[in-house]
Each structure stands twice: as structure tokens, then as C-alpha cells.
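Residue-level structure breakdown
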Amino acid sequence: MNTRSFLTSFIASFFVVPFIGCSDAPKKIPYPETDLSQAALIPKPLKVVATHSAFGLDSKTAIYTAQAANGFEKVGQFLSNKIQTQLSLNIPVNESPLEAVERIIYINQTEALESDAPEAYQLHIKNDSVLLNARTAAGAFRGIQTLRQLIPEQSNDTLAEQPMWLIPSGKIDDAPNFGYRGAMLDVARHFFTVEEVKKYIDLLAYYKYNAFHMHLTDDQGWRIEIKSWPKLTEIGAQSEVGGGPGGFYTQEEFKELVAYAAKRHIQVIPEIDMPGHTNAANLSYPIFHAKGKAETPRVRTDMKVGYSSFDAYKDTVYVFVDDVVREITAISPSPYFHIGGDESHATPKKDYIHFVEKVEKIVQKHGKKAIGWNEIAQANISQTTVGQFWNEPESALKMVEKGNQIILSPAKKIYLDMKYDTLSKHGLHWAAYIPVDDAYNWDPETYVEGLPKEQILGIEAPLWSETISNSAELEYLAFPRAIGYAELGWTPADQRNWEEYKIRLKGQVPYLNRNDVNFYRTELVDWEN
Ligand code: TNX
């Protein structure tokens, strides 16, 4: 018998004939009663059936994965690494010898799932085995987040010879309500280091986000290396709000972020905001600058918006945009490229429309679909372009009528840079104060009347960074609200309830503390008891 078929029959023995007749079968462990349906899972899974026993995660556990299918082994490796960091347990993945193995986690590829969503998964947790079924590696990855959330803080050191972390047994069938569940970080108003961005991405992955939108350019700074236009980073990157040093990502660093996110089955969507919000580019190359209403480029460290613009009728501007889109799309596997398009108050309407239509074509030429903030509805955009609704429901509706898909980011509900309340240490409040319950208590499916569900690609929580400049401040605004948005993107409205959610939210504290997350301890949640 070769290793592979030995492995297959070994694994099968866990599911088909679990130790019946086996002379050296381990003695039965007296697992305590559990209740999987009460677990603090966020986002809440679609279906949970508790069987009131447990799987004992311990040093005799091994992970096996479907190997023919793409990416499954990496998912197993990711789980093993996280278990190692959290529990200092070394759980091998697809490794022989198997003699010492008593319990297995098997990550299996199958089409036989209740939902046909690519990220659907099913978890079957029994005494000696956890079977995770998924159609795709992305589905398997979402499934292991659920499993991670079920690992208790404390081990039980009395049940067996070695410490065991008891995972409640039962069955979970799960799939997302929306295919796009995003978060945006503005790295232009303040620069965030590669390590800071990675930390945020890793936290988002735990809550099943699958898109990370990077707002890479704005008036105060240009943050991505463009080899054909070096002054963007020599000049344009050297400033930020408040007068700090700014910074930028080299293309190698951007690739590193893309790879880090991809490992978590999160796509990175780059945004180059234009024709407004372009002061940093115009300062680097004054030839781009539109005269007229736009203010003369200079280093900007203030928080004003709407004063800068590209010249929509200069050939050089389009040569430049083409180069930027070409260089970025070459290192960006996401099918989308975000062209911004918001608050171009210094661009005449006719010029704005001309610009958006030309840039959309450039993005398409480079093989990507464009995304733009809701103002792009003024232009005659093609059906494949996605509108991101933030402040004008009528623009979202106009795009929907033309057949476009919409990402929902209504500022009044989902802007992570809005203060929680009057006492918030960071944040703005032009759209609203957004306390943690208001952030949770709305329904993306009905928020804009007349927006058909089929045309809602999903939701995204933007974090603008005028008032924040490091991980602690970022986390103060993002957490815990981003956790609630994860549930709004994943769990259907009829299964959401604030009173019940806030108990599960409190259950996140050990994870947040373990990861040194500076979350806002709102009084709306009883964190201590
Ligand atoms: C509006 S939302 C903006 C950003 C600001 C943000 C501050 C949007 C598309 N534009 O330029 O940073 O408000 O909340």
C-alpha cells in the first residue's frame, strides 16, 4: 500500500468504521456536555445543530486535507499555524507517521453542499474527528475560521493524559449572504506600515471578510511606487495629514500585502482616486493639474476635500493614468480596479464625465472591471462597472437601472471613521455618530429602497484616516464595529438580533486581547460579566 492510499483508508476509518473492532482503540473519554448552538460565533452561521459532546483538540490530533484540490493543504497549514501560535500545539498537516494520531481534522473538497455559494462549507464535529467539507479552498478557509472561534481559551487537563481543548460537537451548514464583504483602509491621509496593514487584514480574515480595498492616493499623499513616474513617491508620498513623514509601498511591498491577503482568501482592491483628490499627484507633476476652480498644488496636511483636479483634456494625463493602471494591474490579481471619482468639486461636470468614461476604458483595456464611488453615475458607464454607494441613494438607483452592481457603504451606517458618540477619542462626525448598536441594526438589503438584492454585490466598511495614524487608533475605530459588519455581510437579516449578538460580541474579548486589539469598550456591551 503506498502512502497515499494508506492515508485515504486511515482517514476513512475515522468516518466509516470509527474504531469498531479495533483492539488498540483508545478508551472512551467522558466528555462533558456542551452546546454548539450557544457558541460565540461571528458571523453567525446559517444552521447549527448541537450534539452536546466534544472533540478534544490535543497533541494527538492531526490535520489532513484534500490534496488534489487547489489550495486545501495551505488552508490546513494556516489552521495548524494558528493553533501553534494560540496553544503551542504542533499539529502536523498531511504527514506520516500516523501511529501517534488519535484524532483528526479532515478538510475535504466536495460539491455536495446545501448551498452553491463558492464560500459555502459544512463542519461536522464529532468525538474523534472534525470533517470540514467545502467546495473551494476559500470555503474551507471560512470554515476553519469557524473552527478557530470554537477553540476555548482554557484546556481541560483532567480528561486525558495530555491537555485537551474541548470543541463542542455538532453540525454547521454555512454560506454567506453576500459574495463581497469588504473593508477599506485609507493609507493616504495617514500612512500605515506593511506590518500594520497585515495586522488589520489578519483580524478581518478571522471574521470572514473577503475583500480589502486600499485607498492608495489622495490630496495629502501618494502611497504606491509607480516606476514610470518616480516623482509620485519622491515628492507626492512625503506628506500626510498633520505634517507627519508620510510614506509609500514599493511594488514589492504591495505584492507582499496581496500575497498575505490571498493566503487568507481576501482580494486586495487598489484605488487610485481621480480626477479629484489628486493634489499629491499634481504636486509631483504639475502638468496634470487642472487650472480653473482647482487650487494650485502644494503640500497639503489639512483635511479639506474637493479642491484638486486632473485636467480632463490633457493627453499626458491619460498616458499617465494608463501607466499607473498598467503597473498596478500587473501586480494586482483582483478582477477589480477602483478609480475613485468622489468629491471632484473642482472638476467641471462635463470634464468629469469625459474623464470617468476614458479612465473606465483604460481599466477595461488592462483586463479589470472598474469600481467607482457613487458620483460616477453621472457618466455613461458600462454594465460591468461597479458603483460604490456612500452618500447618494439616487445615484445608486440610477446605476442599478442601467444594470450595474452596487457595493453598499452608506456613510451614515458603515463609515468606520465616524465617531461612536460625542466622547469618541478619534473620528469625524459629518455623516453621523455611529454607536456599536446602530452600526449593527440596519439591513443592507432594504437600506436603499428599490435596490434589488441581485444587484447588491455586497457591503464594505471604509476607514478614512484623517484622525488616525497607527494600529491602536485604527483598531479603536474599527473594533468592535467591523465585527458587526462582518455579520451584516454574511448572515441574513432574519437571523440577526442585537440582544443576542452582543453576547457573542462579548465572547470575542479573549481573541481581541490575545491579539492586542485596542477595541472600543462601548457601554452598550457588558464586557466584564
Ligand atoms: C468623504 S466618502 C470622502 C473622503 C473622506 C471622508 C471622511 C468619500 C468617497 N470621500 O474623502 O476621507 O468623507 O469621512
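Residues numbered from 1 in each chain as written. Predicted model: local features only at pLDDT ≥ 70, side-chain atom pairs only at ≥ 80, totals over all residues. Heavy atoms only, no water.

1. Details of the domain arrangement of the protein chain
What counts here: Note: domain ranges come from an automatic or database domain assignment. Contacts: residue pairs with any heavy atoms within 4.5 Å of one another. The buried area of a pairing is the accessible area, by a 1.4 Å probe, that goes missing from both parts when the two are put together, added over both. Whenever Lys or Arg places a side-chain nitrogen within 4 Å of a carboxyl oxygen from Asp or Glu, that contact is recorded as a salt bridge. Whenever a nitrogen or oxygen atom comes within 3.5 Å of another N or O atom, the pair is scored as a polar contact, on the condition that within protein one atom can donate a hydrogen and the other can accept it, and that pairs from neighbouring residues in sequence are kept only if both atoms are in side chains. Comment: elements are numbered from the N terminus, with helices defined as DSSP H or I runs of at least four residues and strands as E runs of at least two. Gly is placed with the polar residues, together with every amino acid not listed as nonpolar (Ala, Val, Leu, Ile, Met, Phe, Trp, Tyr, Cys and Pro) or charged (Asp, Glu, Lys and Arg).
Segmentation of the protein chain into domains returns domain 1 (3-174) and domain 2 (180-514). With 24 residues of domain 1 at the interface, the matching set in domain 2 holds 27 residues. Carbon and sulfur atoms make up 55% of the surface buried where domain 1 meets domain 2, a total of about 2300 Å² over both sides. Looking only at domain 1, the three residues that lose the most surface to domain 2 are Ile42, Pro43 and Lys44, adding up to 30% of its buried area. Taken together, the links from domain 1 to domain 2 amount to 4 salt bridges. The partner of Glu153 in a salt bridge is Arg514, and the shortest N-O contact between them spans 2.5 Å. The tally of links between domain 1 and domain 2 comes to 15 residue pairs in polar contact (both at pLDDT 80 or more). Counting residues per element, the ones that place at least two in the side of domain 1 that touches domain 2 are α2 (72-87) and α3 (137-150). Per-class residue counts for the side of domain 1 that touches domain 2 are 13 nonpolar, 4 polar and 7 charged.

2. Thoughts on the nonpolar core
Applied cut-off: Put simply, buried Ala, Val, Leu, Ile, Met, Phe, Trp, Tyr and Cys residues joined by side-chain atoms within 4.5 Å make one nonpolar core. Partly exposed residues are those whose accessible area sits between 20% and 50% of the maximum for their type, while under 20% is buried and over 50% is exposed, using a 1.4 Å probe and protein chains only.
Core analysis: the biggest nonpolar cluster contains 150 residues, and Leu57 and Tyr200 have the highest contact counts within it. Here this core gets 8 residues from one element, more than from any other, and that element is helix α4 (residues 194-206). Counting residues domain by domain, this core receives three or more from each of domain 1 (3-174) and domain 2 (180-514). The next biggest cluster of nonpolar side chains, apart from the first, holds 8 residues, and it includes Ile269, Tyr336, Val386 and Leu457.

3. Remarks on the site of the ligand
To keep it simple, the criterion reads: The criterion for a residue being near a molecule or strand is simple. One of its heavy atoms has to lie within 4 Å of it. Using the Shrake-Rupley algorithm and a 1.4 Å probe, accessible areas are obtained, with residue cover drawn only from the displayed protein chains.
With respect to spatial proximity, 13 residues lie near the ligand, and among them Arg189, Tyr415, Asp417, Trp430 and Glu466 are the closest. Here Glu343 contributes a side-chain N or O atom positioned 3.1 Å from an oxygen atom of the ligand. For the ligand, an oxygen atom lies 2.6 Å from a polar atom in the side chain of Asp417. Protein chains shield 98% of the accessible area of the ligand, which is 360 Å² for the free molecule. Class assignment for the residues of the shell around the ligand results in 7 nonpolar, 1 polar and 5 charged.

4. So, the pattern of salt bridges
Close approach of charged atoms allows side chains of opposite charge to pair. Scanning all chains against the criterion turns up 33 salt bridges. Residue Lys227 is joined to Glu225 by a salt bridge in which the shortest nitrogen-to-oxygen separation is 3.7 Å. What makes Lys227 exposed here is its relative accessible area of 54%. The partner of Glu360 in a salt bridge is Lys361, with the nearest N and O atoms 2.8 Å apart. For Lys361, a relative accessible area of 46% puts it in the partly exposed group. Several salt bridges converge on common partners, so that one network encompasses Asp58, Lys60, Glu102, Arg103 and Glu161.

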